[in-house]
Amino acid sequence: MNPLTPRTRIKICGLTREADVDAAVTAGADAIGFVLYPKSPRAVTAARAGDLARRLPPFVTPVLLFVNATADEIAAGLAAVPQALLQFHGDEPPEACTAPGRPYLRAARMAPGVDLLDLAARHPSAQALLLDAHVEGYGGGGKAFDWSLIPPGVPCPVVLSGGLNPASVIDGVMHVRPWAVDVSSGVESAKGIKDAALMHCFCQAVREADARVAQASAGT
Ligand SMILES: O=C(O)c1ccccc1NCC(=O)[C@H](O)[C@H](O)COP(=O)(O)O
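Residues numbered from 1 in each chain as written. Predicted model: local features only at pLDDT ≥ 70, side-chain atom pairs only at ≥ 80, totals over all residues. Heavy atoms only, no water.

- An unreviewed UniProt entry annotates the protein as N-(5'-phosphoribosyl)anthranilate isomerase of Ideonella alba.
- Taken verbatim from the UniProt record of the protein, the Catalytic activity (unreviewed entry) comment is "N-(5-phospho-beta-D-ribosyl)anthranilate = 1-(2-carboxyphenylamino)-1-deoxy-D-ribulose 5-phosphate". (UniProt positions renumbered as here; feature names shortened; annotations may be inferred.)

1. Quick look at the side chain of arginine 106
Logical step 1: Turning to its location among the elements, arginine 106 is positioned in strand E5 (residues 104-110).
Logical step 2: Using a relative accessible area of 3% as the deciding quantity, one classes arginine 106 as buried.
Logical step 3: A distance of 3.0 Å separates the side chain of arginine 106 from the backbone oxygen of phenylalanine 88, its partner in a polar contact.
Logical step 4: At 3.0 Å, the side chain of arginine 106 and the backbone oxygen of glutamate 92 are in polar contact.
Logical step 5: Dropping the residues within four chain positions of it, arginine 106 is found in contact with Phe88, His89, Gly90, Glu92, Cys97, Leu119, His123, Ala126, Ala128, Leu129 and Leu130. (Helix = DSSP H or I, 4+ residues; strand = E, 2+ residues; numbered from the N terminus. Buried < 20%, exposed > 50% of the residue type's maximum accessible area, 1.4 Å probe, protein only. Polar contact = N/O pair within 3.5 Å; in protein donor to acceptor, adjacent residues only side chain to side chain. Contact = heavy atoms within 4.5 Å.)

2. A look at helix H6 (residues 169-176)
Logical step 1: Listed in full, the buried residues belonging to H6 are Val169, Ile170, Gly172, Val173 and Val176. All buried residues of H6 lie within an arc of 165° about the axis, which places them on one face of the element.
Logical step 2: On its buried side, H6 packs onto strand E7 (158-160), strand E8 (180-183) and helix H7 (196-218).
Logical step 3: Count one or two residues on from H6 and you reach arginine 177, which has phi positive near 50°. (Arc of directions from axis to C-beta.)

3. Some details on the pairing of E8
Logical step 1: Residues Ala180 and Asp182 of E8 are buried on one face, and the alternating residues Val181 and Val183, pointing to the opposite face, are buried as well.
Logical step 2: Both strand E1 (residues 9-13) and E8 contribute to a ladder of four bridges, which runs parallel. Directly across from isoleucine 12, in E8, lies its bridge partner valine 183.
Logical step 3: Where E7 meets E8, two bridges bridge the pair, whose relative direction is parallel. Following the sheet pairing, valine 159 is matched in E8 by alanine 180.
Logical step 4: Between E7 and its parallel partner E8, the chain crosses via H6, and the hand of that crossover is right-handed. (Pairing = 2+ DSSP bridges. Right-handed = clockwise from strand over helix to strand, strands pointing away.)

4. Let's talk about the sheet that holds strand E6 (residues 128-133)
Logical step 1: Strand order around the closed barrel formed by eight strands is E1-E2-E3-E4-E5-E6-E7-E8, with parallel pairing between neighbours. Direction aside, the axes of adjacent strands within the sheet are offset by 25° on average.
Logical step 2: In this fold H7 packs onto E1 and E8, with an angle of close to 160° to the strand it touches most, E1. (Axes fitted to C-alpha atoms, helices over the stretch in contact; angles between N-to-C directions.)

5. Considering the pattern of salt bridges
Logical step 1: One pass over the structure, following the stated rule, counts 13 salt bridges.
Logical step 2: Residue arginine 48 is joined to glutamate 18 by a salt bridge in which the shortest nitrogen-to-oxygen separation is 2.6 Å. Of the two residues, arginine 48 is situated in helix H2 (residues 46-53) and glutamate 18 in helix H1 (residues 18-27); the sequence distance between them amounts to 30 residues.
Logical step 3: Owing to a relative accessible area of 29%, glutamate 18 belongs among the partly exposed residues under this scheme.
Logical step 4: The salt bridge partner of arginine 212 is glutamate 208, with a shortest N-O separation of 2.7 Å. Here arginine 212 pairs with glutamate 208, and both are found in helix H7, just four residues apart, close to one helical turn.
Logical step 5: On the accessibility criterion, arginine 212 (37% relative accessible area) is partly exposed.
Logical step 6: A relative accessible area of 34% places glutamate 208 in the partly exposed class.
Logical step 7: Three or more residues are tied together by salt bridges with common partners; here these are Arg42, Glu188 and Lys194. (Salt bridge = Lys/Arg side-chain N within 4 Å of Asp/Glu carboxyl O.)

Below you can see the structure in the form of structure tokens.
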């Protein structure tokens with residue numbers, strides 16, 4: 001939890017179309033996730049991710065999402081999107097996450113008994129822990145988890161994920177005070193098909209949450 005976060009960053013994940021990438025940027029996304037996990041209904045190839053990522057303006061980060069990928073698959077993704085931040089969303093051990101030598105997000109599928117402090121200790125170089133619900137198929141399930149499972153004192157930035165939408169994200173930001181939020185299903189009209197209006201509403205809701213946090217901090 002980061003009470004001093006000046007602005008909650010926003011990642012929108014699972015984009016597959018040019019118009020959706022453009023709309024997500026317009027809405028205010030700080031990061032755009034491309035799912036390079038073939039079993040996902042939002043999967044894109046490395047080449048497709050490269051085409052889509054080239055539409056991103058400065059200061060909007062492409063994220064390549066893997067689930068138990070091979071080193072060659074990760075290398076292909078980085079060849080297509082050299083500036084990508086990596087996200088490991090499977091069962092990858094620390095050495096697999098650090099092997100590419102690139103900044104990465106470590107996803108944690110939150111269920112009772114998950115030890116985030118231990119996970120953070122085993123991933124000291126992770127840029128953040130992305131906290132997602134524990135769903136079948138590893139992710140993108142549109143399911144929230146019990147935010148009270150997040151212990152105080154996680155020693156790295158936290159990305160709150162899992163079932164967020166324009167109606168729930170304010171509570172998520174106010175309760176967890178994450179560095180960032182991540183959304184996929186909650187801004188879609190169908191899997192892999194993003195809704196521009198929902199993305200706009202989601203980003204506006206995050207801004208509203210930040211304003212409320214600032215007011216609470218100022219005692220106003
Ligand atoms: O998005 C997917 O289809 C997906 C498939 C397999 C592993 C991870 C996947 N997505 C990872 C993400 O970062 C999603 O944004 C995250 O799971 C939240 O999804 P949602 O609950 O739908 O907002």
